[in-house]
Structure formats: structure tokens, C-alpha cells
Amino acid sequence: MREKCPLSRENSGCLGLLFAKLEGTLQMRPVSRDLDRLEVVFDDDHLVANAGLVLPGTLAQKLGVEAVTDRLVRLPGGAGHRPGRKLMTVVTGILAGGDCIDDVDVLRSGASDAALGHRVMAPSTVGTFLRAFTFGHVRQLDKVFETVLGQAWAVPGAGPGEDPLTVDIDSTITEVCGHHKQGASYGYTRVLGYHPLLAVRADTGEVLHCRFRAGRANSGRGAARFVDELVARLRRCGATGPVTLRADSGFWSAKVIARLNAHHVAYSITARRTSTVTRAVDAITEAAWQPLASYPAHSGVAQVAETVHEGARLIVRRVRHYDHRGRLPLEWRHLAFETNRAGTTAALDEDHRAHAIIELAIRDLKDGAGWNHCPSGRFNANAPWLAAGALAHNLMRWAARIGWAETGLTAAKTFRRQMIALPGRATTSARRFTLHLPARWPWQHRFEQALQRVRAVPPGGT
């Protein structure tokens, strides 16, 4: 009779399970769940705090931001030496979520500068750089902004080209604290701060032009000149198609409208309730009002009609919104805007309401970075800070549009969380530099796709 082998089917299964357990035990890492026993040390010179900055940093290098700044900005004294790397330090610090000058110091931690493509300057150097700006130097920085915008729009699919371009302009309050900020004051919002102007491309959310202003400036101050500079910039950057400008009532003035007509720009601007506008609205017959099907039904009831005000086309929307008890008031609320555009009243009204999308760009500019805070007590030092914040905002928009060919708007905090706030480790082996990023990162494929397409952008700006 044949003896039973110790490695029979029954015993071999048990041994296999035992070996598997032993192997798994050897591969397991000892992990302590007690955080009091976790030793914390700051001693690794190879770690990168925000490794995802390699994505917008690569795009900035392709667009030649540093080289263009060195060529166009001429500051006095030591502040004028290599202004490009100082501007890029500010821009990169804002991209990482900084809202003050000291926040750029995070770029010097570990090996973070290895993922940037430029030398990182100290906060004291950045402060000296910003304080060296005068109004004329800010205009030089405007030229840098325009040149980089043209370089970005030269990338296929990034610029409007011959397609129609819709631009929204608005003003916003950049709040400050304390009474030592030069030019800051209380405006109509009763908030202490500055009151900059900005123009935003409606379909991408990128900033096209911005102008720093004192806090006491009203919404329309300098708007006519702003429009002249904006339209000229758009044409120089390659926007050859029809341009439409949308704005709120703060920009409704005969001077602004005359400049838009002179530039052959279509517009729709909210009208203030002056006595002449009120008479024109009251003259609309009841039969002329048409229901507005595109208005959200849960908000209330809306109707639209058209009339003429001083020879211009005036479209009026009247609404009745539900109150907190779900009841409709008896009185209508009227909102009118002036336009020189062709189209039906309902379609133009719906498009004009989309002007509110500029608030998303303003939200991103202020969302914990850049325009959230003006760091200097000097007025002219805060102007380049806001320009750097607009450039950082655009680099994120361009990286998304070029990298993913997306037409939608990705929130800045989402982009930072998924694409920038990446821990990394920089290593060098056989003269080959490698940036190691976390395994199983949820957005790895999108990051690699965007980086690959950004690296394919032809270099410019030299």
C-alpha cells in the first residue's frame, strides 16, 4: 500500500497558504496608528512641496514670460536686474496659493525650485522689486501681459482667431485691512480696498486686460480709455473676428458707447433708471410684452419687450420673483439694457444675462490667492501684484485649454487641488533628472496628458 506523501494535495494547500501569509507579512510595512508615536522631522532636501507647478511652469517657459519681462521692463537700480525671474517668483507663488509676499518663500523649501524652470527670489527681493514700480513701469508690465497673451493665442485652438469673441468687463473690490494702504478707501460698497477694472473672455474665463485703480474710483472711471486699450490689444493679439462687449450699468455712458461704435464693436450694456429711460419703459404697451421662456421657472415670471431710447435699441425685461412664502408680488421689476446687436429680444436678453459669468473669474482671482489681498502699502507696488495675479490665473486657464482642449471653466481651487498641490521628490541618476509623483494619483492621466501637450507648444517670446 502506498504511503501518504507529506506534500499531498491536502497538505500542499495548507503549506501554500502558510507561505503566502509569510510573504505578505514580510512585505507589510509597520504602521503605527498612534500619531503620538509618529516622529516628524524636516530634513529632506529632495522633496517638492507643489510638484504640479511643473505644468504651468513649463507653459510659462514655452511662452517666454521671463525673457519677455527682461526685455520690456526697465526698473531703476538693483530692482531692474533680471526682472523676469522676480516676476515669475510672484506668479508662481500665487499659483501655489500665496496671497502675500512672504508666501513665495514656500518655493524655496526642499527641492521645489527644481520644478519651476526659474530661479526663486527671496521675499525681501520681491518686495524691493514691487516697490520699484512707477505708473510708467506698470505700463511696461502691461506690454509684457499683452505679448504673453499673443504668444498663448498663437497656439492652435487657444485663441479666438476669426471666430466671434465675447468680452465681459466689470470692476471689483480688492479688500485690504488697516489704514496704511496708499490709495485704499471706502467706495459705494462701504468696503475698504482698491477698485480695479478687468476684462474677461467669456468662453474661457481668461483675463484680457486689467487696470489698478484707487478705492474711491467709481465703476465707470477710465472706462472709455480702458475700452480703447482693450480693443487695440485684442486686434494686435490676433482676434480678427467680430467682438461683442457686455457690461453692467456702471459702464453705461455716451463716451463708452461712442468709443465702441468707433471701434465697430457690438455691445449690450445695462442702462440705469434715469428719467428718460423710465419714460421709455413706461411707454411700452401691455401687448408688446412677451413671456420669456428661458427664464428659470423656479425664480418667478419674466417678460421681455423692446423700445427705443435716444435712437438706440433698448431691451427691457420685467420680472416678478417669488417671495419667501412662494407668492408672486403684484408689481413688476424692470431691467433694461442698451444694445446695437441684431437678434430677437429674447435671445439678446438671455445672452446679456450671461454677463454674470465674469463673477466666476473674479472668484478665481480672489480664491485664496493673488487678488485676495494687496500686500504692499504703496499704490504702485500693488499694481504689478495684481497683474501677476492675472497672469497666474491665465496660465491655469491656458494649461487647461491647451492640455485638455476644454471649453468649460475649471475652478481655480479645483485646478490647484488636482494639478498643483502634488507632493513630489526630485532625484538625479546618471545625469537624468526625475520628478517622482504619488502613485495612484486620481488625476494622473489628466496631468500627464496636459504636460505632454504643453511641452509640444513651440517656444516663443525670446
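Residue numbers run consecutively from 1 along every chain, following the written order of its sequence. The predicted origin of the model limits local features to residues at a pLDDT of at least 70 and limits the giving and counting of side-chain atom pairs to 80 or more, whereas totals for whole chains, interfaces and linings rest on all residues. Note: side-chain values were computed over all heavy atoms of the structure, leaving out hydrogens and water.

1. Focus: the overall build of the chain
To be explicit about the condition: The helix and strand labels rest on DSSP assignments: H or I over at least four residues marks a helix, E over at least two residues marks a strand, and numbering proceeds from the N terminus. It is over C-alpha atoms that the radius of gyration is taken, and the globule rule equals 2.2 Å times the number of residues to the power 0.38. Accessible area is worked out with a 1.4 Å probe on protein chains only. A residue is then buried under 20% of its type maximum, exposed over 50%, and partly exposed in between. Whether two residues touch is decided by their heavy atoms; if any such pair falls within 4.5 Å, the residues are in contact. All accessible areas in this document rest on Shrake-Rupley with a 1.4 Å probe, and a residue is counted as covered only by the protein chains that are shown. Asp and Glu are treated as the negative residues and Lys and Arg as the positive ones, with His and the ends of the chain left uncounted. Note that the charge is assigned to NZ on lysines, CZ on arginines, CG on aspartates and CD on glutamates.
The secondary structure content of the chain amounts to 14 helices and 15 strands. Rg of the C-alpha trace for the chain: 28 Å, well past the compact-globule value of 23 Å for 462 residues, more than 25% over. Referenced to the eigenvectors of the C-alpha coordinate spread, the extents of the chain come out at roughly 115 × 70 × 45 Å. Residues counted as buried form 48% of the 462 residues belonging to the chain. Long-range pairs, those at least 24 residues apart, make up 66% of the contacts in the chain between residues at least 6 apart in sequence. Carbon and sulfur atoms make up 53% of the accessible area of the chain, which totals about 23700 Å². Mean positive and mean negative side-chain charge positions of the chain (59 and 43 charges, respectively) differ by 3 Å.

2. So, the environment of leucine 63
Assignment of secondary structure puts leucine 63 in helix H2 (residues 54-63). Placed 233 residues apart in sequence, leucine 63 and proline 296 show a C-alpha to C-alpha distance of 42 Å.

3. Concerning the confidence of the model for the chain
What counts is decided by this rule: Scored between 0 and 100, pLDDT is the confidence that the predictor attaches to each residue.
Residues of the chain with pLDDT of at least 70 account for 92%, and the chain-wide mean is 89. Within the model, the stretch residues 1-5 combines pLDDT values under 50 with two contacts to residues more than four positions away or in other chains.

4. Some remarks on the pairing of strand S7 (residues 207-211)
Here is the rule we go by: For two strands to be treated as a pair, DSSP must find at least two bridges joining them.
Within S7, five of the five residues are buried, which leaves the element mostly enclosed by the surrounding structure. Where strand S6 (residues 197-201) folds back on S7, the antiparallel hairpin that results is connected by five residues, among which glycine 205 adopts a positive phi of roughly 80°.

5. Concerning the sheet that holds strand S3 (residues 174-175)
Read from one edge to the other, the open sheet built from three strands follows the order S3-S5-S4, with strand pairing classed as antiparallel. Because the sheet does not close on itself, it has two edges, and the strands there are S3 and strand S4 (185-186). Alignment of S4 against strand S5 (residues 192-194), held across two bridges, turns out to be antiparallel. What sits directly across from tyrosine 186, in S5, is leucine 192.

6. Focus: the side chain of threonine 345
Among the structural elements, threonine 345 can be located in helix H10 (residues 345-353). On the accessibility criterion, threonine 345 (13% relative accessible area) is buried. Dropping the residues within four chain positions of it, threonine 345 is found in contact with Gln290, Val304, Glu306, Arg313 and Ile315.

7. A few points about H2
The element H2 is extensively covered by neighbouring structure, given that eight of its 10 residues are classed as buried. Glycine 64 sits one or two positions beyond H2 and adopts a positive phi of about 70°.

8. Side note on the packing of helix H3 (residues 65-72) against helix H4 (residues 83-95)
Formally: Here an axis means a line fitted to C-alpha atoms, over the contact stretch when the element is a helix, while the angle between two N-to-C directions is reported on a 0 to 180 degree scale. Oblique is the label for any angle not under 35 degrees, not over 145, and not in the 65 to 115 range, which are roughly parallel, roughly antiparallel and roughly perpendicular in turn. By convention the crossing between two helices is left-handed if the near helix lies anticlockwise of the far one by an angle smaller than a right angle, and right-handed if it lies clockwise. Under the scheme applied, nonpolar residues are Ala, Val, Leu, Ile, Met, Phe, Trp, Tyr, Cys and Pro; charged residues are Asp, Glu, Lys and Arg; polar residues are all the others, including Gly.
Direction vectors running N to C along H3 and H4 enclose 130°, while the axes themselves pass 7 Å from each other. Between H3 and H4, the angle falls in the class oblique. Handedness of the crossing formed by H3 with H4: right-handed. Where H3 abuts H4, its residues Val65, Glu66, Thr69 and Asp70 lie against Pro83, Gly84, Arg85, Leu87 and Met88. Its residues assigned to classes, the contact of H3 with H4 comprises four nonpolar, two polar and three charged.

9. Brief notes about helix H7 (residues 223-236)
Under the convention used in this document: For a helix, the expected span equals 1.5 Å multiplied by the number of residues minus one.
Helix length check: H7 (14 residues) gives 20 Å between terminal C-alpha atoms against 20 Å at 1.5 Å per residue, within 8%. Of the residues making up H7, those classed as buried are Ala223, Ala224, Phe226, Val227, Glu229, Leu230, Val231, Arg233 and Leu234. Buried residues along H7 sit against helix H6 (135-153), strand S2 (165-171), S6, S7, strand S8 (243-247) and helix H8 (254-262). In the stretch just after H7, glycine 238 is the one whose phi turns positive, near 110°.

10. Quick word on the pattern of salt bridges
The criterion, for reference: Basic side-chain nitrogens of Lys or Arg form a salt bridge, by our definition, when they fall within 4 Å of a carboxyl oxygen of Asp or Glu.
Applying the stated criterion to the full structure yields 25 salt bridges. Where arginine 211 meets aspartate 142, a salt bridge forms, and the shortest distance between an N and an O atom there is 2.9 Å. Here aspartate 142 lies in helix H6 and arginine 211 lies in strand S7, a separation of 69 residues in the sequence. Just as arginine 211 is buried, aspartate 142 falls in that class too. The partner of aspartate 228 in a salt bridge is arginine 259, with the nearest N and O atoms 3.0 Å apart.

11. Section: the packing of aromatic side chains
Our working definition: Note on aromatic contacts: the rings of Phe and Tyr and the six-membered ring of Trp form a pair at centre separations within 6.5 Å, being stacked when their planes are under 30 degrees apart, edge-to-face when over 60 apart, and tilted otherwise. The rule is short: NZ of Lys or CZ of Arg within 6 Å of the ring centre and within 35 degrees of the ring normal puts a charge over the ring.
As enumerated under the stated definition, the model contains six aromatic pairs in all. Here phenylalanine 129 and phenylalanine 133 contribute two aromatic rings whose centre-to-centre distance is 5.2 Å and whose plane-to-plane angle is 85°, an arrangement assigned as edge-to-face. Using a relative accessible area of 3% as the deciding quantity, one classes phenylalanine 129 as buried. Among the aromatic side chains, those forming a connected cluster through ring pairs are Tyr194, Phe212 and Phe379. One Lys or Arg, arginine 318, reaches over the ring of tryptophan 332 and ends 4.3 Å from the middle of that ring. Note that arginine 320 overlies the ring of tryptophan 332, its terminal NZ or CZ placed 4.6 Å from the centroid.

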